[in-house]
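Results of the structural survey
Each chain, written out:
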Amino acid sequence: MVTVQVELSGTAGLKHIISGLEAARACDDEKVFEALSGMASVLDDMKCSLARMHEKLDPDDFHNILRPLLCGWGLGSKPLPGGLVYEGVSDETLEFSGGSAAQSSTLQCFDEVLGVEHEPDKKAFLVRMRDYMPRRHREFIQALAKEPCLRSYVFKRQNNCRKLLSAYNECIKSLQEFRNYHLQIVAKYIISPSHKSTNCDVVAKQGTGGTSLMSFLKGVRNTTGKSSIDT
């Protein structure tokens, strides 16, 4: 339920995303500033929601009981790399990625509107994870990707309105801090318990979505930080 709470906290950012893009079209620096400030606040709230993981969830229970059910079937994932036959649905094996934070509609919205450019392999994975989102969420992200991002607007206007630059960089800082905190969660609930588990070959290095876990998360965090604009 914590991941649901994170997404719920993030929905408050949608109005700021839309108002920010509308303000950028109108060249309204003040409204863009307000939108960026609102987005940073929402990202901080999402981090607070994520912190609730610690309240009642034991790392060993998560790793040994829940996480194997999130690994997916096929696509090279373990323990069923060839996929799974769903009786009464298909006679062929079906392959699905497991649950992944990359399937967060909210985070991908922030990436697009803020102009965060991830490395090609990581971007390709994030785009593939959109297949697991509700259709309208996916379409909204695709629509955002067609809009000029707020990073471009702030870069052009930074000499005319310096507080825009600070507000944008604060957004990037908040998004990077969220991803860094997610890394800490992964270390506590996946990496550390895996050293004690007999199934460490299954779960230690691979994300439930099929990625190389820590490498992917660190890469996404680092490219987020690189999106800040030098002052």
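Residues numbered from 1 in each chain as written. Predicted model: local features only at pLDDT ≥ 70, side-chain atom pairs only at ≥ 80, totals over all residues. Heavy atoms only, no water.

So, the overall build of the chain
Check the secondary structure of the chain and you find 12 helices and 4 strands. Here the C-alpha radius of gyration of the chain, 19 Å, is about what a compact globule of 231 residues would show, namely 17 Å. Its C-alpha atoms give the chain principal-axis dimensions of about 60 × 35 × 30 Å. Restricting the contact set of the chain to residue pairs at least 6 apart, pairs at least 24 apart contribute 75%. Here the chain has roughly 12200 Å² of accessible surface; of this, 54% comes from carbon and sulfur atoms. Across the chain, the 29 positively charged side chains and the 28 negatively charged ones have centroids separated by 4 Å. (Helix = DSSP H or I, 4+ residues; strand = E, 2+ residues; numbered from the N terminus. Rg over C-alpha atoms; globule rule 2.2 N^0.38 Å. Contact = heavy atoms within 4.5 Å. Areas by Shrake-Rupley, 256 points an atom, 1.4 Å probe, with all protein chains shown as cover. Lys, Arg positive; Asp, Glu negative; His and termini not counted. Charge placed at Lys NZ, Arg CZ, Asp CG, Glu CD.)

Some words on the packing of aromatic side chains
Under the criterion given, the structure shown has 3 aromatic pairs. Pairing F62 with Y189 gives two aromatic rings, centres 5.9 Å apart and planes at 85°, and the pair type is edge-to-face. Pair noted here: F62 is in helix α5 (residues 59-66) and Y189 is in helix α10 (residues 162-194), with a separation of 127 residues, a long-range link. Residue F62 shares its accessibility class with Y189, and that shared class is buried. An angle of 75° between the planes, with centres 5.1 Å apart, marks the rings of F125 and F216 as edge-to-face. Of the two residues, F125 sits in helix α7 (residues 120-129) while F216 sits in helix α12 (residues 213-225), which places them 91 residues apart along the sequence. (Phe/Tyr/Trp six-rings, centres within 6.5 Å; stacked < 30°, edge-to-face > 60°. Buried < 20%, exposed > 50% of the residue type's maximum accessible area, 1.4 Å probe, protein only.)

So, the pattern of salt bridges
If charged atoms from side chains of opposite charge come close, those side chains can pair. If you walk through the whole model with that rule in mind, you get 10 salt bridges. E112 is paired through a salt bridge with K123; the nearest N and O atoms lie 2.9 Å apart. In this pair, E112 is assigned in helix α6 (residues 105-114) and K123 in helix α7, connecting sequence segments 11 residues apart. You can call E112 buried: its relative accessible area is 13%. Through salt bridges with shared partners, a single network forms among E112, K123 and R130. (Salt bridge = Lys/Arg side-chain N within 4 Å of Asp/Glu carboxyl O.)

Focus on a nonpolar patch on the surface
A grouping of I65, L66, L69 and L70 is seen on the molecular surface, where their side chains present a nonpolar patch of about 370 Å² in accessible area. Mapped onto the fold, I65 is located in helix α5. Owing to a relative accessible area of 56%, I65 belongs among the exposed residues under this scheme. (Patch = residues over 30% accessible without salt bridge, like charges linked within 9 Å, V, L, I, M, F, W, Y side chains within 5 Å.)

Considerations on helix α9 (residues 150-157)
Residues spaced three or four apart along an α-helix face the same direction, because each turn holds 3.6 residues. Among the residues of α9, L150, Y153 and V154 are the ones counted as buried. Looking straight down α9, one finds that the buried residues subtend no more than 95° of arc, so they occupy a single side. Contact partners of the buried residues in α9: α2 (12-25), α3 (29-50), α6 and α10. (Arc of directions from axis to C-beta.)

Section: unusual backbone geometry
For residues that are not glycine, phi is negative in most cases, and the peptide bond is trans in most cases. One non-glycine residue, C27, lies in positive phi territory at about 55°. For C27, a relative accessible area of 54% corresponds to the exposed category.

Here's the deal with a negative patch on the surface
Residues D44, D45, E170 and E177 make up a contiguous surface patch of negative charge. Elements supplying a minimum of two residues to the negative patch: α3 and α10. With respect to the helices and strands, D45 occurs in helix α3.

So, the environment of R179
For R179, the position within the fold is in helix α10. Under the relative-accessibility criterion, R179 is labelled buried at 10%. R179 sits 139 residues away from A40 along the chain, and the two C-alpha atoms are 13 Å apart. With residues up to four places along the chain from it excluded, the contact list for R179 reads L107, D111, H118, V220, R221 and T224.

Description of the side chain of S9
Residue position: S9 is located in helix α1 (residues 2-10). When sequence neighbours within four positions are dropped, the list of residues in contact with S9 reads V42, D45, M46 and S49.

Let's talk about the nonpolar core
For soluble globular proteins, the rule of thumb is that nonpolar side chains tend to be buried together. Residues I17, L36, M39, M46, F110 and L114 are the most contacted members of the largest nonpolar core, which totals 54 residues. With 15 residues, the single largest contributor to this core is α10. (Core = buried A, V, L, I, M, F, W, Y, C linked by side-chain atoms within 4.5 Å.)

The values reported here are purely geometric and, on their own, carry no functional implication.
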